[in-house]
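Observations on chain architecture
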Amino acid sequence: MADTKDATSSNQMWGGRFASGPDAIMEEINASIGFDKKLYAQDIRGSIAHATMLAEKGIISREDKDKIVEGLNTILSEIESGKFEFSRKLEDIHMNIEARLATLIGPAAGRLHTARSRNDQVALDFRLWVKEELAKTEVMLTALIAAFLDRAEEHAETVMPGFTHLQTAQPVTFGHHCMAYVEMFGRDRARVRHAIDHLDESPIGAAALAGTGFPIDRHMTAKALGFREPTRNSIDTVSDRDFALEFLSVASICAVHLSRLAEEIVIWSTPQFGFVRLSDAFSTGSSIMPQKKNPDAAELVRAKTGRINGSLVALLTIMKGLPLAYSKDMQEDKEQVFDAAENLELAIAAMTGMMRDMTIRVDRMRAAAGSGYSTATDLADWLVREAGLPFRDAHHATGHAVALAEKKGCELAELSLDDLQAINPAITEKVFDVLTVDASVASRQSFGGTAPSEVRKQIAYWRSRN
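Residues numbered from 1 in each chain as written. Predicted model: local features only at pLDDT ≥ 70, side-chain atom pairs only at ≥ 80, totals over all residues. Heavy atoms only, no water.

Some details on the overall build of the chain
Our working definition: Here a strand is any run of E in DSSP of at least two residues, a helix any run of H or I of at least four, and the numbering for each starts at the N terminus. Radius of gyration here uses only the C-alpha atoms, and the compact-globule reference equals 2.2 Å multiplied by the residue count raised to the power 0.38. Buried means the residue's accessible area, taken with a 1.4 Å probe over protein chains only, is under 20% of the maximum for its type, while exposed means over 50%, and partly exposed covers the values in between. Note on areas: Shrake-Rupley with a 1.4 Å probe; residue coverage comes only from the protein chains shown.
From N to C terminus, the chain includes 19 helices and six strands. Relative to its length of 466 residues, the chain is extended, with a C-alpha radius of gyration of 31 Å against a globular reference of 23 Å. Across the 466 residues in the chain, those meeting the buried criterion constitute 47%. Accessible surface, the chain: about 22500 Å² in total, of which carbon and sulfur atoms supply 53%.

Laid out in structure tokens, this is it:
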């Protein structure tokens, strides 16, 4: 009776999900096959390169190598066709493949793990996966940049209000605004390329942490797997997840840029702004308000930034206190990277589609471009350039002009010459040439400025790089 009570108490303590007690909990917390099966292609590719090197160095026979390679290719076909049965009891992708290989080819399968450990094996698989994902991200960013270049070229002369503090500041062109995002996503792409260069070292052969006594050739496997060279310290090799952190850092910064763009699209698509009209493909309706057209795709891109940033913080926290070399904590790295990669891909694809599909409402942009006394700086500059005033005096005089326009309920260009000369008698009719938004943007010809001629120069520069 006591034994039954103890068993019941134990089951209640562990909870219904873990009815069989501690063994079930250990299996649940230890197994990674639910997510690391995503690494199957990299694991098989690494194993083929490793087996080939072992045979080349005379560590295993060529006959065993041929059996191993044939078996691994069979497993690859089984996984890709959906016929492979993954087992949680075998913990991870490495053991699942190794167990199946033993079933297929017998004792020769046991020779594959010579001169390597799961520590350097997972480091290799994960590096290969991240490297491939970064290459994919580079291609997607190039497509996004191309979408912005096309819109910038189309709207090099389309005037709109430029903002600081989300208040109208000075007129700019929509093409110039698009080119700001080209610069931002161009930096993201440069970071992607740098991250690829940083991780381009092969971990295989570091073994558990100390290297191996077998006469392996790590340069051979590095070359076979497309790495620049092998890593140079076996302890660091198995404990390093900088490549994953760099990927998440790159992803987080890129996601922030995407989120800033998404925020602008949300604002621009409101009736109050009306600068853009989103296509139906990237909008949804309301369940109760038939007039609504919600920018849900942009909002979700904005939200995914929190998720991607959270993955970076999570992995930084996982790694921050780990002693050298490998610790099981590092099993938690992959889900963060996989999730961030999936969401970054989706966000970039959605934003590329939105930029290509959205309608730019040139009339609404132009109407808003001159609001809020956006050409006030042009008046101040004119007073400096034509009337010879020190800029601070010109700034002060322009402030009076803005106050007068506010009082009269008109724009600066609608003030009379008498009104302006009452503020400063040096003002002439020529001042009205600079108070239009078109004249304002055309005058900003400094390198990187908003003048259409300068915008087109920057478009040509980026097209040569893209």
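Moving on from the model shown.
Structural notes on the packing of aromatic side chains
The test is simple: Side-chain rings of Phe, Tyr and Trp, where Trp is taken by its six-membered ring, are said to pair if the distance between their centres is within 6.5 Å; with planes under 30 degrees apart they count as stacked, over 60 as edge-to-face, and otherwise as tilted. Criterion for a charge above a ring: Lys NZ or Arg CZ within 6 Å of the ring centre, and within 35 degrees of the ring normal.
As enumerated under the stated definition, the model contains 11 aromatic pairs in all. Taken together, a centroid distance of 4.8 Å and an interplanar angle of 55 degrees make the contact between F84 and F86 tilted. Looking at F84, the relative accessible area reads 11%, which means it is buried. Taken together, the ring pairs in this structure connect F126, W129, F243 and F338 into an aromatic cluster. When the ring centre of F338 is taken as reference, the NZ or CZ atom of K38 above it lies at 5.4 Å. A cation over an aromatic ring shows up here: K334 above the ring of F126, its NZ or CZ 5.4 Å from the ring centre.

Things to note about the pairing of strand β1 (residues 159–164)
Put simply, the test is: Strands pair, by our definition, only if DSSP identifies at least two bridges between them.
Taken together, the six bridges between β1 and strand β2 (residues 167–173) define a ladder with antiparallel strand orientation. Residue pairing for β2: T164 is matched across the bridge by Q167. What sits between the antiparallel neighbours β1 and β2 is a turn of two residues, in which H165 has the positive phi angle 60 degrees.

Things to note about helix α7 (residues 118–154)
For the record, the criterion: What a helix is expected to span follows from its residue count: subtract one and scale by 1.5 Å. Polar contacts, as used here, are pairs of N or O atoms within 3.5 Å; protein pairs need one atom able to donate a hydrogen and one able to accept it. Residues neighboring in sequence count only if both atoms are side-chain atoms.
Taking 1.5 Å of rise per residue, the 37 residues of α7 would be expected to cover 54 Å, and the 54 Å separating its terminal C-alpha atoms lies within 8% of that figure. Two or three places before N119, at the opening of α7, S117 has a side-chain oxygen 2.9 Å from that residue's backbone nitrogen.

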